[in-house]
Amino acid sequence: MIAPRAQKKALAVASSGGHWIQLLRIIPALEGYEIVFVTVFESSRSEVPENRFYAVKDANRWNKFGLIALAARMARIVRKEKPDVVISTGAAAGYFALLFGHLFGARTIWIDSIANIDRLSLSGLLAGRHADLWLTQWAHLARAKGPHYGGAVF
Amino acid sequence: LIFVTVGSKRPFDRLIRAVDEWAALRGRSDVFAQIANATYVPKHFQFTNFVEPSEFKRLVQQAHLVVAHAGIGSIISALELGKPIVVMPRRAQFREQVNDHQVSTAKHFEVKGHVVVAPEEHMLAERLDYALTQVYSERISPDASPQLIAAIRSFLDGSFTPMATNVNENHQEAEPRVAEEGRGQLGSTDRRRNDAAASSGRPG
């Protein structure tokens with residue numbers, strides 16, 4: 001038998017700017033978890049000095065090689081960290097985190113950015129199939145089969 | 001200090017140029033901008049391409065007005081520190097962004113009274129003048145809404161149930177309905193005729 005880990009671990013993933021700020025705002029929901037952060041700027045480390053931290057090279061839909069490299073990096077991080085929970089506010093890095101998190105047995109949470117008012121983001125749409133909890137921050141974008149509406153970061 | 005920021009990802013020349021013209025017009029010497037490699041070089045204020053997150057926070061803290069693209073990061077940063085903010089949305093037609101989601105963001109936060117919006121560059125000067133008369137003292141909480149925190153927590157505890165929302169499934173039925181109308185030609189033609197009669201019968 002494997003002894004249960006004393007503290008559960010959450011991998012919290014966001015790309016730059018608004019995604020990262022939104023991620024920091026939902027961190028109180030992870031009280032009691034060891035939180036490991038992944039984002040795209042090394043300089044964001046200073047905002048979460050108590051936590052372990054990875055900076056990854058961001059990519060988007062127009063940069064296929066960048067996406068492949070990002071996917072490989074996220075796969076390695078998820079495999080190494082073995083988180084119980086993967087949570088993301090977007091975008092590409094978060095999508096891959098949920099994809100591999102799901103594959104490796106973590107519970108996965110996607111919170112689509114509040115900037116996506118008219119429609120879900122592309123990464124948000126794709127992440128839906130790997131998300132155990134799939135949320136939009138806009139009630140009018142909620143659907144019966146998800147994404148669900150569960151409030152906003154603001 | 002008036003702190004201008006266009007985010008870290010890409011330049012936004014229309015905003016930088018409009019602020020530069022306004023600064024010249026009003027003789028402001030207290031503008032500092034983060035321009036993300038703009039091709040337009042400001043003549044009337046100091047600038048840098050990028051600022052580190054900690055430095056960014058310090059600049060917003062010092063500023064009595066923030067001017068920005070309508071990015072969520074810029075808007076929330078200003079509101080968390082209780083600063084008035086004027087935003088101009090990036091537009092897809094000028095290749096400033098992949099789509100016009102910043103237009104929606106700007107509108108939404110404007111309706112809530114959180115931001116002053118300059119939809120286009122020729123409106124920026126007037127909006128900046130107006131915003132400088134505003135004193136925002138209320139800071140938003142640094143945490144997400146209690147509702148969202150509770151939703152995530154309940155999921156982690158294994159008890160999440162989707163809220164009853166106005167789930168609008170009409171768009172999924174739209175196609176079959178159109179097809180049905182096409183098949184029932186007589187009926188739908190009659191209905192259209194009736195509609196036409198009804199509307200023409202209305203007094204002008």
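Being a predicted model, the structure only gives us computed values, none of them experimental.

Thresholds applied
Residues numbered from 1 in each chain as written. Chains lettered and ligands numbered in written order. Predicted model: local features only at pLDDT ≥ 70, side-chain atom pairs only at ≥ 80, totals over all residues. Heavy atoms only, no water. Helix = DSSP H or I, 4+ residues; strand = E, 2+ residues; numbered from the N terminus. Buried < 20%, exposed > 50% of the residue type's maximum accessible area, 1.4 Å probe, protein only. Areas by Shrake-Rupley, 256 points an atom, 1.4 Å probe, with all protein chains shown as cover. Contact = heavy atoms within 4.5 Å. Buried area = accessible area lost by both parts, 1.4 Å probe. Salt bridge = Lys/Arg side-chain N within 4 Å of Asp/Glu carboxyl O. Pairing = 2+ DSSP bridges. Right-handed = clockwise from strand over helix to strand, strands pointing away. Phe/Tyr/Trp six-rings, centres within 6.5 Å; stacked < 30°, edge-to-face > 60°. Lys NZ or Arg CZ within 6 Å of the ring centre and 35° of its normal. Polar contact = N/O pair within 3.5 Å; in protein donor to acceptor, adjacent residues only side chain to side chain. Axes fitted to C-alpha atoms, helices over the stretch in contact; angles between N-to-C directions.

### Structural notes on the overall build of chain B
Right, on to step 1. Within chain B, the secondary structure is distributed over eight helices and six strands.
Right, on to step 2. Start at the N end of chain B and walk to the C end: the helices and strands fall as β-α-β-β-α-β-α-β-α-β-α-α-α-α.
Right, on to step 3. When each of the 204 residues of chain B is scored for burial, the buried share is 41%.
Right, on to step 4. Accessible surface computed for chain B: about 11,400 Å², of which carbon and sulfur atoms make up 51%.

### A few points about the interface of chain B and chain A
Right, on to step 1. In this assembly, 43 residues from chain B lie in contact with 43 residues from chain A.
Right, on to step 2. Taking both partners together, chain B and chain A bury about 3,600 Å²; carbon and sulfur atoms supply 66% of that area.
Right, on to step 3. Ionic pairing is found between E80(B) and R25(A), a salt bridge with its closest N-O pair at 2.5 Å.
Right, on to step 4. Looking at the side of chain B that touches chain A, the elements with two or more residues in it are α2 (53-62), α3 (72-80), α4 (101-111), α6 (146-156) and α7 (170-183) of chain B.

### Let's talk about the pattern of salt bridges
Residues and elements named next belong to chain B.
Right, on to step 1. If you walk through the whole model with that rule in mind, you get 13 salt bridges over all chains.
Right, on to step 2. Between R26 and D129 there is a salt bridge; the shortest N-O distance is 2.4 Å. Here R26 is found in helix α1 (residues 13-26), whereas its partner D129 is found in helix α5 (residues 124-131), with 103 residues between them in sequence.
Right, on to step 3. A relative accessible area of 41% places R26 in the partly exposed class.

### Quick word on the pairing of strand β5 (residues 85-88) of chain B
Residues and elements named next belong to chain B.
Right, on to step 1. The alternating pattern of β5 places I85 and V87 on one face and V86 and M88 on the opposite face, and all of these are buried.
Right, on to step 2. Of the strand pairs in this sheet, strand β4 (residues 65-69) and β5 are connected by four bridges, and their pairing is parallel. What sits directly across from V66, in β5, is I85.
Right, on to step 3. Direction of pairing for β5 relative to strand β6 (residues 116-117): parallel, over a ladder of two bridges. From the neighbouring strand, V87 faces β6, where its bridge partner is V117.
Right, on to step 4. Following the chain from β5 across α4 to the adjacent parallel β6, one finds a crossover that is right-handed.

### A few points about the environment of M88(B)
Residues and elements named next belong to chain B.
Right, on to step 1. Mapped onto the secondary structure, M88 falls in strand β5.
Right, on to step 2. Sequence separation between M88 and G7 is 81 residues, and the spatial gap between their C-alpha atoms is 12 Å.
Right, on to step 3. Leaving out residues up to four positions away in the same chain, M88 has contacts with F12, R14, L15, A68, H69, A70, Q102, A118, P119, E120 and E121.

### Some remarks on the packing of aromatic side chains
Right, on to step 1. Evaluated as defined, the whole model comprises five aromatic pairs over all chains.
Right, on to step 2. Taken together, a centroid distance of 5.5 Å and an interplanar angle of 70° make the contact between F3(B) and F56(B) edge-to-face. Linking F3(B) in strand β1 (residues 2-5) with F56(B) in helix α2, this pair joins segments that are 53 residues apart in sequence.
Right, on to step 3. Given the relative accessible area of 17%, F56(B) is considered buried.
Right, on to step 4. Linked through ring pairs, W20(A), F37(A) and F53(A) together constitute an aromatic cluster.
Right, on to step 5. Over the ring of F155(B) we find R107(A), and its NZ or CZ is 4.4 Å from the ring centre.

### Examining the side chain of Q102(B)
Residues and elements named next belong to chain B.
Right, on to step 1. Counting through the fold element by element, Q102 comes out in helix α4.
Right, on to step 2. Under the relative-accessibility criterion, Q102 is labelled buried at 2%.
Right, on to step 3. A polar contact is formed between the side chain of Q102 and the backbone nitrogen of R90, at a distance of 2.9 Å.
Right, on to step 4. Every residue in contact with Q102, bar those within four places of it in the chain, is listed here: H69, A70, G71, M88, P89, R90 and Q97.

### Describing the sheet that holds strand β2 (residues 31-34) of chain B
Residue and element names in this part refer to chain B.
Right, on to step 1. Taken in spatial order, the six strands of this open sheet run β3-β2-β1-β4-β5-β6, and their pairing is parallel. At either end of the open sheet lies a strand with only one pairing partner, and these are β3 (46-48) and β6.
Right, on to step 2. Taken together, the four bridges between β1 and β4 define a ladder with parallel strand orientation. Among the inter-strand pairings, I2 is bridged to a residue of β4, identified as L65.

### Considerations on the sheet that holds strand β3 (residues 52-55) of chain A
Right, on to step 1. An order of β3-β2-β1-β4-β5-β6-β7 (chain A) is seen for the seven strands of this open sheet, with the pairing classed as parallel. Looking along the sheet, the strands with just one partner apiece sit at the ends: β3 and β7 (148-149) of chain A.
Right, on to step 2. Bridge count between strand β2 (residues 34-39) of chain A and β3(A): four bridges; the pairing is parallel. Looking at the pairing, V36(A) lines up with R52(A) of β3(A).
Right, on to step 3. Its contacts with the sheet put helix α2 (residues 64-81) of chain A on β1 (9-13), β2 and β3 of chain A, and the angle it makes with β3(A) is roughly 165°.
Right, on to step 4. α6(B) contacts β4 (85-88), β5 (107-111), β6 (133-136) and β7 of chain A of the sheet and is inclined by roughly 165° relative to β5(A).

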